[in-house]
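Structural overview for review
For reference, the chains in residue letters:
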Amino acid sequence: MTPSTPSNSAPGLAQCDLLVIGAGPAGMAAALAAAPSGMAIVLVDDNPAPGGQIWRDGPDAHIPPAARHMREQLARRANVRLHLGTRVLSAPAPGQLLLEDAERGWCLGWQKLILCNGARELLLPFPGWTLPGVTGAGGLQALIKGGMPVADQRIVVAGTGPLLLAAAASARQAGARVIHIAEQAPRRAVLGFAAQLLRWPAKLGQALTLADRHYRTASHVQAAHGSKQLESVTLRTRGRSETLDCERLACGFGLVPNTQLGQLLGCALTPAGTQAPALLVDCWQATSRPSVYAAGECTGFGGSERALVQGAIAGHMAAGNNQAAQKLLPERARWDAFARQLRQRFALQPAIRQLAQPDTLVCRCEDVPLAALQGRGGWTDAKLHSRCGMGACQGRICGAAAQVLLGWSPPAPKLPLSPARIGTLALSSAPSTPEPAHGN
Amino acid sequence: MTLLQLFINVEPVVVRSGCTVAAALRVAGDGTARMSISGQSRAPFCGMGVCQECRVTIDGQQRLACQTLCQDGMQVRLAP
């Protein structure tokens, strides 16, 4: 991958024609779709390797051949430059983003922007959820792919959605003993979802390979126990509680679209409803801001197949190839229907909103318990009185939790979007910064 | 598979290349990355760079253990 060529801009300011944020399935598909146009494309991701969460690489990762092929294709494109381990901190001026990696910070100007920020897990508080040994479900999968040892450990997987089965399969492959998979959705919802899978044969095939005899529907975590580390988990399954000894609990309640960067740029969100807000896009993946597109899970979760086709549509549109984009619309409609099934069937049961007790911490950064939030009018009120959401994660975990537990609108993004070095932040007021001589 | 050695609070740890620092924390000990403001041990939680529970000091800079690959000779410090 070679440096992007500076184009029409202030001298010295790094420039590209197309900036793609996020190198998961959507971002990779977007860059590949736009690449034949010859545009100078920059693809940015905060992880050490491309692939996003689903194709996360590592010593214990098994990346599907299709994903490997996309990575190879990207590497062959001379006009696509990849910046890994790189975070977006702010938008210091229109058409510019401030970036930071482990060594340096710099401003990058763009003509077109595609947001592929993905989604994070919905991590909800329950007694004991801060104990070491408790992780997200996708979180455990990511940590295992990164080489975290789990061999011979007893693992309980809990929460909701097909991700639970994928997490359990990763854990088992890594030598762990998965002793219970607790799906909160009722049996009829899961069976209904399974029956619908006939419409997406590839998904049905995946589901069959992941089937697990420890899978229980209408089952949810009630509490995690341990003094310094997780020692056991109490589960409630169809009205009966049982406590299982285990070394790990992987618990995730679905996905929350990452909308912070889009919000910062003024992109409209989907209307408030039962789902967490997502970036609003039209049928061409265009956001409400000119020249800004969005694709993948940040537009509402729906899986990697939908992200791939959305990304390709956005990439073609950014490159001005409307015809190529149009051809993909039926394929996207097929996966949009899958996404709707996913959201309906795995909707959260009321009991999940009642798991946190008054002394359960909701804000893990500032150690704020639920009792300090109850009775407050919303985020601003809660922040003023308790520092909830004012820590390092900037409300990404507790904000999503408070929306589910208390119905509060998530907090507006704060600058910088991630903790950053002072030297980098100073750049946002400097007139221009040169593009670093070489990337990753 | 190549092995490499890094240091966590000066103690040497050997891991396979390609492992994250989050993995190294668990290879070396109980996986704890930091103490919370009320004194609880915290370990990598979201695994994907969101929750900030795994923030540690790596070669003098604050980084997320789950998004940083181990390098030979790397110095990782956990807050006391």
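Conventions adopted
- Residues numbered from 1 in each chain as written.
- Chains lettered and ligands numbered in written order.
- Predicted model: local features only at pLDDT ≥ 70, side-chain atom pairs only at ≥ 80, totals over all residues.
- Heavy atoms only, no water.
- Helix = DSSP H or I, 4+ residues; strand = E, 2+ residues; numbered from the N terminus.
- Rg over C-alpha atoms; globule rule 2.2 N^0.38 Å.
- Buried < 20%, exposed > 50% of the residue type's maximum accessible area, 1.4 Å probe, protein only.
- Contact = heavy atoms within 4.5 Å.
- Areas by Shrake-Rupley, 256 points an atom, 1.4 Å probe, with all protein chains shown as cover.
- Lys, Arg positive; Asp, Glu negative; His and termini not counted.
- Charge placed at Lys NZ, Arg CZ, Asp CG, Glu CD.
- 1 Å grid on protein atoms, 1.4 Å probe; cavity = no way out; pocket = protein on both sides within 12 Å on 5 of 7 lines; lining within 4 Å.
- Points joined across faces, edges and corners; volume = space filled by probe spheres on them.
- Nonpolar A, V, L, I, M, F, W, Y, C, P; charged D, E, K, R; others polar.
- Phe/Tyr/Trp six-rings, centres within 6.5 Å; stacked < 30°, edge-to-face > 60°.
- Lys NZ or Arg CZ within 6 Å of the ring centre and 35° of its normal.
- Core = buried A, V, L, I, M, F, W, Y, C linked by side-chain atoms within 4.5 Å.
- Salt bridge = Lys/Arg side-chain N within 4 Å of Asp/Glu carboxyl O.
- Polar contact = N/O pair within 3.5 Å; in protein donor to acceptor, adjacent residues only side chain to side chain.
- pLDDT = per-residue confidence, 0-100.
- Domains from an automatic or database assignment.
- Pairing = 2+ DSSP bridges.
- Axes fitted to C-alpha atoms, helices over the stretch in contact; angles between N-to-C directions.

**Some details on the overall build of chain A**
From N to C terminus, chain A includes 13 helices and 19 strands. For a compact globule of 440 residues, the expected C-alpha radius of gyration is about 22 Å, and chain A comes in at 22 Å, within 12% of that figure. Along the first, second and third principal axes, the C-alpha set of chain A runs to 65 × 50 × 40 Å. Considering chain A as a whole, with its 440 residues, one finds that 56% of them fall into the buried category. Relative to all contacts within chain A whose residues are 6 or more apart in sequence, the contacts with residues 24 or more apart total 66%. For chain A, the accessible area works out to roughly 17400 Å², and carbon and sulfur atoms hold 54% of it. Across chain A, the centroid of the 41 positively charged side chains sits 6 Å from that of the 27 negatively charged ones.

**Notes on helix 12 (residues 396-406) of chain A**
Residues lying three or four places apart along an α-helix face the same way, a consequence of the helix completing one turn every 3.6 residues. Residues and elements named next belong to chain A. Helix 12 sits mainly inside the fold: nine of its 11 residues count as buried. Restricting attention to buried positions, one finds in helix 12 the residues Arg396, Ile397, Cys398, Gly399, Ala400, Ala401, Ala402, Val404 and Leu405. Looking at the buried side of helix 12, the elements it contacts are strand 7 (119-121), strand 16 (255-257), helix 7 (260-264), strand 18 (361-363) and helix 11 (379-386). One or two positions beyond helix 12, positive phi appears at Gly407, with a value near 75°.

**Let's talk about the layout of surface pockets**
The calculated volume of the second largest pocket comes to roughly 840 Å³. Lining of the second largest pocket is provided by 30 residues; of these, Gly85(A), Asp101(A), Ala102(A), Arg63(B) and Thr68(B) occupy positions nearest its centre. Where the lining of the second largest pocket is concerned, the elements lending two or more residues are strand 5 (55-58) and strand 6 (61-64) of chain B. In terms of residue class, the lining of the second largest pocket is made up of 10 nonpolar, 10 polar and 10 charged.

**Section: the packing of aromatic side chains**
Throughout the structure, instances matching the rule amount to six aromatic pairs over all chains. Centroid distance Trp129(A) to Phe45(B): 5.6 Å. Interplanar angle 80°. Geometry classified as edge-to-face. One end of the pair, Trp129(A), is in the loop between strand 7 and strand 8 (134-135); the other, Phe45(B), is in the loop between strand 4 (41-42) and strand 5, on a second chain. For Trp129(A), a relative accessible area of 1% puts it in the buried group. Their ring planes at 70° and their centres at 5.2 Å tell us that Trp200(A) and Phe338(A) sit as a pair that is edge-to-face. Here Trp200(A) is found in the loop between helix 5 (187-196) and helix 6 (201-210), whereas its partner Phe338(A) is found in helix 10 (residues 329-345), with 138 residues between them in sequence. Residue classification places Phe338(A) among the buried residues on the basis of a relative accessible area of 4%. The ring of Trp129(A) carries the charged tip of Arg364(A) above its face, separated from the ring centre by 4.7 Å.

**Here's the deal with the nonpolar core**
All names here are of chain A. By size, the foremost hydrophobic cluster in this structure holds 49 residues, and its most contacted members are Leu124, Phe126, Val221, Leu249 and Phe253. Looking at this core, the elements with two or more residues in it are strand 9 (154-159), strand 12 (219-225), strand 13 (232-237), strand 15 (248-252), strand 18, helix 11 and helix 12. Here this core gets seven residues from one element, more than from any other, and that element is helix 12. Among all residues touching Val221, those that are not within four sequence positions of it are Phe126, Ala158, Val233, Thr234, Leu235, Leu249, Cys251, Phe253 and Leu355. Core analysis: the second largest hydrophobic core is formed by 47 residues, Trp200, Ala286, Ala295 and Trp335 among them.

**A short note on the interface of chain A and chain B**
Contacts between the two partners involve 41 residues from chain A and, on the opposite side, 37 residues from chain B. On inspection of chain A and its partner chain B, the count reaches two salt bridges. Arg42(B) is the salt-bridge partner of Asp367(A), the closest N and O atoms lying 2.8 Å from each other. At the boundary of chain A and chain B, one finds 16 residue pairs in polar contact (both at pLDDT 80 or more). Among the elements of the structure, strand 7, strand 8, helix 3 (137-145) and helix 12 of chain A are those that each provide at least two residues to the side of chain A that touches chain B. Each residue belonging to the side of chain A that touches chain B can be placed in one class, and the counts come to 17 nonpolar, 12 polar and 12 charged.

**Quick word on the confidence of the model for chain A**
Residue and element names in this part refer to chain A. Mean pLDDT over chain A: 92, with 95% of residues reaching 70 or higher. Low confidence marks residues 1-9, where pLDDT is under 50. Its contacts with residues over four positions away, or in another chain, come to 23 contacts. Contacts for the low-pLDDT stretch residues 432-440, under 50 throughout, to residues beyond four places or in other chains number 30 contacts.

**Focus: the domain arrangement of chain A**
In terms of domains, chain A is made up of domain 1 (12-120 + 256-343 + 429-434), domain 2 (125-252) and domain 3 (350-406). Look at where the C-alpha atoms of domain 1 of chain A and domain 3 of chain A centre, and you get two points 30 Å apart.

**What to know about helix 1 (residues 25-34) of chain A**
Residue and element names in this part refer to chain A. The element helix 1 is largely enclosed, with a buried count of 10 among its 10 residues. Among all positions of helix 1, only Pro25, Ala26, Gly27, Met28, Ala29, Ala30, Ala31, Leu32, Ala33 and Ala34 are buried. Structurally, helix 1 contributes buried residues whose contacts are with strand 1 (14-21), strand 2 (41-44), helix 2 (65-76), strand 3 (80-83), strand 6 (105-115) and helix 8 (304-318).

**Brief notes about unusual backbone geometry**
All names here are of chain A. Backbone torsion omega between Leu415 and Pro416 reads -10°, so that peptide bond is classified as cis. Relative to the elements of secondary structure, Pro416 occurs in the loop between helix 12 and helix 13 (422-427). Of note, Asp152 is a non-glycine position whose phi angle comes to about 65°, a positive value. As for its placement among the helices and strands, Asp152 is situated in the loop between helix 3 and strand 9.

**Some thoughts on the sheet that holds strand 6 of chain B**
Residues and elements named next belong to chain B. With respect to topology, five strands assemble into an open sheet ordered 2-1-7-5-6, the strand pairing being mixed. Because the sheet does not close on itself, it has two edges, and the strands there are strand 2 (11-16) and strand 6. Looking at each pair of strands side by side, their axes are set apart by 40° on average, direction ignored. Sheet contacts for helix 1 (residues 21-28): strand 1 (3-8), strand 2, strand 5 and strand 7 (75-77); angle to strand 2, the most-contacted strand, approximately 120°.

**Considering the side chain of Gln52(B)**
Examined against the element boundaries, Gln52(B) turns out to sit in the loop between strand 4 and strand 5. Not counting the four nearest positions on each side in its chain, Gln52(B) is found in contact with Ala392(A), Cys393(A), Pro419(A), Arg34(B) and Leu64(B).

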